[in-house]
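Residue-level structural notes
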Amino acid sequence: MRAAYRRRDLAVTGFQALRSAGPAALAAFHAAAVALRQPPLARWRLLDTYPAAV
C-alpha cells in the first residue's frame, strides 16, 4: 500500500511541476509520451490490420 501512495504522490508532484511550468512544458511532456509509445502503436496497428502478418 505504501508503494501505491508513493506513486500517487510522485504523480501529483510531477503534475504540479508541469502545471506551474506552463503550457509549453505540458506540450513537451505530451510529445515525449507520444514518442515513447510510437513504436508499439505502429505494431498494434499492424496487428489490427494484418493479424497473420506479424
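Above: the structure in question.
First things first, this report covers the structure right here in the doc. Position numbers for residues count from 1 along each chain, tracking the sequence in the order it is written. Residues qualify for local features only when their pLDDT is at least 70, as the model is predicted, and side-chain atom pairs are given and counted only at 80 or more; totals for whole chains, interfaces and linings, by contrast, use all residues. Here the side-chain values reflect all heavy atoms present in the structure, with hydrogen atoms and water set aside.

**Re the overall build of the chain**
Selection rule: Runs of H or I in DSSP of at least four residues are treated as helices and runs of E of at least two as strands, each being numbered from the N terminus. We take the radius of gyration over the C-alpha atoms and set the globule estimate at 2.2 Å times the residue count to the 0.38 power. Under the scheme applied here, a residue whose accessible area is under 20% of the maximum for its type counts as buried, over 50% as exposed, and between as partly exposed, the area being computed with a 1.4 Å probe on protein chains only.
Broken down by element type, the chain carries two helices and zero strands. Its C-alpha atoms give the chain a radius of gyration of 17 Å, clearly above 10 Å, the size a compact globule of 54 residues would have. Overall, the chain is about 45 × 35 × 10 Å in size when its C-alpha atoms are taken along their principal axes. The 54 residues of the chain split such that 4% are buried.

**A short note on helix H1 (residues 2-21)**
The condition that has to hold: Here a helix's expected span is defined as the number of its residues, less one, multiplied by 1.5 Å.
Taking 1.5 Å as the rise per residue, H1 with 20 residues should run 28 Å; its terminal C-alpha atoms sit 28 Å apart, in good agreement. Looking one or two places after H1, you find Gly 22, whose phi comes out positive at around 100°.

**Things to note about the pattern of salt bridges**
The condition that has to hold: By convention in these notes, a salt bridge is any Lys or Arg side-chain nitrogen within 4 Å of a carboxyl oxygen on Asp or Glu.
Evaluated as defined, the whole model comprises one salt bridge. We note a salt bridge from Asp 9 to Arg 8, for which the minimum N-O separation is 2.7 Å.

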